[in-house]
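The primary structure of each chain is shown beneath.
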Amino acid sequence: MTYGTFDMFHIGHLKLLNRAKTFGDRLIVAVSTDEFNLTKGKKTVIPFEDRCEIVKNIKSVDRVIAELSWDQKIQDIQNYEIETFVIGNDWTGKFDFLKKYCNVIYIPRTEGISSTDLKKKLK
Ligand code: C2G
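This is a predicted model, so every value here is computed, not measured.

Asks: For the overall build of the protein, give the residues involved together with the corresponding values.
Replies: Helix and strand content of the protein: five helices and five strands. Taken over C-alpha atoms, the radius of gyration comes to 14 Å for the protein, in line with the 14 Å a tight globule of 123 residues would show. For the C-alpha atoms alone, the extent of the protein along its principal axes is close to 45 × 30 × 25 Å. Counting all 123 residues of the protein, 43% fall into the buried class. With the model as given, the accessible surface of the protein reaches about 7200 Å², and the carbon-plus-sulfur share is 53%.

Structure, rendered in structure tokens:
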């Protein structure tokens, strides 16, 4: 399982999802809602419904759910019987509390690209 905004979907997101899929036989992705994203201090460009549609159509992704808050991960892991939580290493350490419930893997981010940089380039 992994979580993210996936705004302006790019190669960094794709690589993360493809890598996440290698740790199990099904991959569930929780996509941040526009409202939740604001609590992360980020304003999305692409609306939640469209971000979900894009992520749903990525070959490695088996299911998409909404990420509504910081506090849903333990419940999600139990509900969906998740074995492994995967996220980029910009979050290293932040989700170690999940180690009681599943494997926690932080994988290297793809350098040189981010939704924030893309937005700047478009300005
Ligand atoms: N990512 C990456 N390489 C990049 C950009 C992003 O590997 N160049 C990864 C991030 O590390 C994350 C995923 O792609 O694992 C989604 O990135 P964002 O959409 O920026 O999501 P984020 O704001 O990190 O949301 O509760 C957790 C949060 O919802 C994570």
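Still to come is the rest of the account.
Asks: Please give an account of the layout of surface pockets that cites residues and values.
Replies: Volume-wise, the largest pocket comes out at about 690 Å³. Together, 35 residues line the largest pocket, and H13, K42, D90, W91 and R109 are the ones closest to its centre. Looking at the lining of the largest pocket, the elements with two or more residues in it are β1 (2-4), α1 (11-21), α2 (34-39), β4 (84-88) and α5 (115-122). Broken down by element, the lining of the largest pocket gets its largest block of residues, five residues, from α1. The volume enclosed by the second largest pocket comes to roughly 200 Å³. The residue makeup of the lining of the second largest pocket, split by class, is seven nonpolar, two polar and four charged.

Asks: Just give me the short version of the sheet that holds strand β3 (residues 63-67), but keep the residues and values in it.
Replies: Within the open sheet, the three strands sit side by side as β1-β2-β3. Their pairing is parallel. Looking along the sheet, the strands with just one partner apiece sit at the ends: β1 and β3. Pairs of neighbouring strands in the sheet enclose a mean axial angle of 25°, with direction left out of account. Where β1 and strand β2 (residues 28-32) come together, three bridges link them in parallel fashion. Bridge pairing in β2 links Y3 to A30.

Asks: Before we move on, could you go through the site of the ligand and cite the residues and values that matter?
Replies: In the neighbourhood of the ligand, 22 residues make up the surrounding shell, with F6, K42, E67, K73 and I113 lying closest. Contacts to the ligand include T5, whose backbone N or O atom sits 3.1 Å from an oxygen atom. I113 places a main-chain nitrogen or oxygen 2.6 Å from a nitrogen atom of the ligand. Under a 2 Å grid-point criterion requiring more than half of the atoms, the pocket assigned to the ligand is the largest pocket. Mapped by element, the contributors of at least two residues to the shell around the ligand are β1, α1 and β4. When grouped by side-chain class, the residues that make up the shell around the ligand number eight nonpolar, eight polar and six charged.

What counts as what
- Residues numbered from 1 in each chain as written.
- Predicted model: local features only at pLDDT ≥ 70, side-chain atom pairs only at ≥ 80, totals over all residues.
- Heavy atoms only, no water.
- Helix = DSSP H or I, 4+ residues; strand = E, 2+ residues; numbered from the N terminus.
- Rg over C-alpha atoms; globule rule 2.2 N^0.38 Å.
- Buried < 20%, exposed > 50% of the residue type's maximum accessible area, 1.4 Å probe, protein only.
- Areas by Shrake-Rupley, 256 points an atom, 1.4 Å probe, with all protein chains shown as cover.
- 1 Å grid on protein atoms, 1.4 Å probe; cavity = no way out; pocket = protein on both sides within 12 Å on 5 of 7 lines; lining within 4 Å.
- Points joined across faces, edges and corners; volume = space filled by probe spheres on them.
- Nonpolar A, V, L, I, M, F, W, Y, C, P; charged D, E, K, R; others polar.
- Pairing = 2+ DSSP bridges.
- Axes fitted to C-alpha atoms, helices over the stretch in contact; angles between N-to-C directions.
- Near = heavy atom within 4 Å.
- Polar contact = N/O pair within 3.5 Å; in protein donor to acceptor, adjacent residues only side chain to side chain.
- Sits in = over half its atoms within 2 Å of the grid points.

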